[in-house]
Amino acid sequence: MDHLSSPVTERRKRPSGGLGQTTTRRTSSTRLETPSFQFERLVHPTESKVTCVAFAPLSSTLAVSHNDGSILFWSMAKKKTDKHGKEKRVQAHDGSCECIAWSPIEDVLVSCGSDKLIKIYNATGKLCDKLEGHSRRVTSVAFSSTGKLLVSGSADNTVMVWNLLSLECVHVMEGHKSAVLSVAFSFEDEFILSSYADPLCIVWEVSTGELKHRLEGHDQRVTSCSFAPHSNNIIATASLDCTMRVWEDGVEKKVYEDHVDDVNQVLFSHDGRYICSCSNDKVVNFYNMKTGSLHFKLRSVASITQLCFCPDSSVIAAVDSVGQLSLWATGNGELVTTERRHQHAITHVSFSARGTILVTGDTAGKVVVWFLARSNTQSHQREAPSNDGKCVIS
């Protein structure tokens, strides 16, 4: 079993269009090795786009939302005699289910949708409660680090903060004339970051609900924004203007102009050492946060739609518009492997909490669960017992 944090010289074998092809690599002993993945396909009854994928942080339960309003709850088989994991589908929303998020402290999932509702489920898919207050489509939800607060953004141009103990709205933040597209809490839940359907992002104070900073600088719509790990004041934003920007205390500190097409996402590594951006120019730019310098470029064969770091940040996963998954080692930027099990553009990718399972979802509703490490039992059973968060491949 090879740790991806110590990759080896690669030899690429480009896909010729067929499914199930794998890029090969050479080990340090020069023996050609093809990484072997076991995987399970979760097929949606209709071609309904995947809108979000998320693993529960405290268990192996996977949730997948679709734009037909449904949510799939999937848990891995726990017995050797079980061939597949357990599935349950719920019709969560009328219209589209826009976003889902797991609580960091318990197996509770929150969803939001075009029916203006926020719903709360347990890990088995049982509806526990719902929150009402937005007057238009709810686009995004996020938990605070304590799990006691929830923030939601909506097409009614507002951001709301909810107390999940009392199920009451404690703040309604109004600061813009367009739909809220994303929301996030800072490290210590001191601030909330929201982006809109225009070039603006806003930072809000959680305690008062007051506007703290307006992040103005992009020429076109912001596609992605994020707080740095372990930080309340450092933010990165990406935009359709082909740039990525870093902000500190509401002030623009650096503009990165290395992409030549729309930037689809900006992402910090979990340890905060690196920051990455992906673009329609088929490139992932990988920067050193301390120096601000471009560490290396990671190139794909198509527009890269989303990125995800494994829990220990030793590997970054990227998915693209032709249905390909790529894994790179963050230590030196070497390609570890590429896999293609999708026939349509992959829009979402996520690692499990232990880094041994990966999930991808595409525009046609297909979901693939990738088992990156073998255990003594069948791979579709519970995750390998390692609890160090390392991403491993066998």
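Every chain is numbered independently, its residues counted from 1 as its sequence is written. With pLDDT at 70 or above as the cut-off, local features in this predicted model cover only qualifying residues; side-chain atom pairs require 80 or more to be listed or tallied, and sums for whole chains, interfaces and linings still use all residues. With hydrogens and water excluded, all non-hydrogen atoms of the structure serve as input to the side-chain values.

### A look at the pattern of salt bridges
- By definition here, a salt bridge exists when the distance from a side-chain nitrogen of Lys or Arg to a carboxyl oxygen of Asp or Glu is within 4 Å. Counted by the stated rule, this structure contains six salt bridges.
- Among the salt bridges present, the one from arginine 245 reaches aspartate 241, with a minimum N-O distance of 3.8 Å.
- Glutamate 339 is the partner of arginine 341 in a salt bridge, and the nearest nitrogen-oxygen pair spans 3.6 Å.
- Burial classes: relative accessible area under 20% of the type maximum marks a residue as buried, over 50% as exposed, and values in between as partly exposed (1.4 Å probe, protein chains only). Judged by relative accessible area, arginine 341 falls into the buried class, the value being 15%.
- A single network of salt bridges, built from pairs that share partners, joins Asp241, Arg245 and Glu252.

### Observations regarding the nonpolar core
- Here, nonpolar core means buried Ala, Val, Leu, Ile, Met, Phe, Trp, Tyr and Cys residues that are tied together by side-chain atoms lying within 4.5 Å of each other. Counting 17 residues, the largest nonpolar core has Ala317, Leu325, Leu327, Val349, Phe351, Leu358 and Trp370 as its most contacted members.
- The numbering of helices and of strands both runs from the N terminus, where a helix is a DSSP run of H or I of at least 4 residues and a strand a run of E of at least 2. At the level of secondary structure, the elements contributing two or more residues to this core comprise strand S31 (315-320), strand S32 (324-329), strand S34 (346-351) and strand S36 (367-371).
- Ignoring any residue separated from it by four or fewer positions in sequence, one finds leucine 325 in contact with Ala317, Ala318, Val319, Thr337, Thr338, Glu339, Ile346, Val349, Leu358, Thr360 and Trp370. Only heavy atoms enter the contact rule, under which two residues are in contact if any of them lie within 4.5 Å.

### Structural notes on the packing of aromatic side chains
- Centres within 6.5 Å are what make two rings of Phe, Tyr or Trp a pair, Trp counting through its six-membered ring; a difference in plane orientation under 30 degrees is then read as stacked, over 60 as edge-to-face, and the rest as tilted. Counted under the stated rule, the structure contains six aromatic pairs.
- Look at phenylalanine 73 and tyrosine 121: their rings are 6.0 Å apart centre to centre, the planes differ by 55°, and that puts the pair in the tilted class. Taken together, the residues phenylalanine 73 in strand S8 (residues 70-75) and tyrosine 121 in strand S12 (residues 117-122) connect sequence positions 48 residues apart. There is no split in this pair, since phenylalanine 73 and tyrosine 121 are both buried.
- Consider the rings of tyrosine 274 and phenylalanine 286, whose centres lie 4.8 Å apart with planes at 45°: the pair is tilted. Of this pair, tyrosine 274 sits in strand S27 (residues 274-279) while phenylalanine 286 sits in strand S28 (residues 283-288); the two residues are twelve residues apart in sequence, bridging distant segments of the chain.
- Grouping aromatic residues by their ring pairs yields a cluster made of Tyr274, Phe286, Phe296 and Phe309.

### Regarding the environment of glutamate 252
- As for its position among the elements, glutamate 252 is in strand S25 (residues 251-256).
- Each C-alpha atom, one on glutamate 252 and one on isoleucine 235, is 9.3 Å from the other, the two residues being 17 residues apart in sequence.
- Leave out the neighbours within four places in its chain, and glutamate 252 touches Gly217, Arg245, Val246 and Trp247.
- A polar contact of 2.9 Å, which involves the side chain of glutamate 252, links it to the side chain of arginine 245. Polar contacts, as used here, are pairs of N or O atoms within 3.5 Å; protein pairs need one atom able to donate a hydrogen and one able to accept it. Residues neighboring in sequence count only if both atoms are side-chain atoms.

### Describing the environment of threonine 46
- Looking at the element boundaries, threonine 46 is found in the loop between strand S5 (38-42) and strand S6 (50-55).
- With 319 residues separating them in the primary sequence, threonine 46 and glycine 365 have C-alpha atoms 7.2 Å apart.
- The residues contacting threonine 46, other than those within four sequence positions of it, are Asp68 and Ala364.

### A word on the pairing of S8
- In terms of burial, S8 is largely enclosed, as five of its six residues are buried.
- Examined bridge by bridge, strand S7 (residues 62-66) and S8 share four bridges and lie antiparallel to one another. Bridge pairing links leucine 62 to tryptophan 74 in S8.
- At least two bridges found by DSSP between two strands are what make those strands a pair. The loop that links S7 with its antiparallel partner S8 comprises three residues; one of these, glycine 69, has a positive phi angle of about 90°.
- Relative to strand S9 (residues 86-91), S8 runs antiparallel, the two being bridged by six bridges. By the bridge assignment, serine 70 is partnered in S9 with glutamine 91.

### Considering the confidence of the model for the protein chain
- pLDDT expresses how confident the predictor is about each individual residue, on a scale running from 0 to 100. Per-chain confidence: the protein chain averages 85 in pLDDT, with 83% of residues scoring 70 or above.
- Segment residues 1-34: pLDDT under 50, and 84 contacts once partners within four positions in sequence are set aside and those in other chains are kept.
- Counting contacts from residues 374-394, a segment whose pLDDT is below 50, to residues more than four positions away or on other chains yields 73 contacts.

### Structural notes on the sheet that holds S31
- Within the open sheet, the four strands sit side by side as S30-S31-S32-S33. Their pairing is antiparallel. With one partner strand each, in any of the chains shown, strand S30 (304-309) and strand S33 (335-340) form the two edges of the open sheet. Direction aside, neighbouring strands of the sheet carry axes that sit 20° apart on average.
- Where S32 lies against S33, five bridges are found, and the strand directions are antiparallel. Residue pairing for S33: leucine 327 is matched across the bridge by threonine 337. All axes here are fitted lines through C-alpha atoms, helices being fitted over the stretch that makes contact, and every angle between N-to-C directions spans 0 to 180 degrees.

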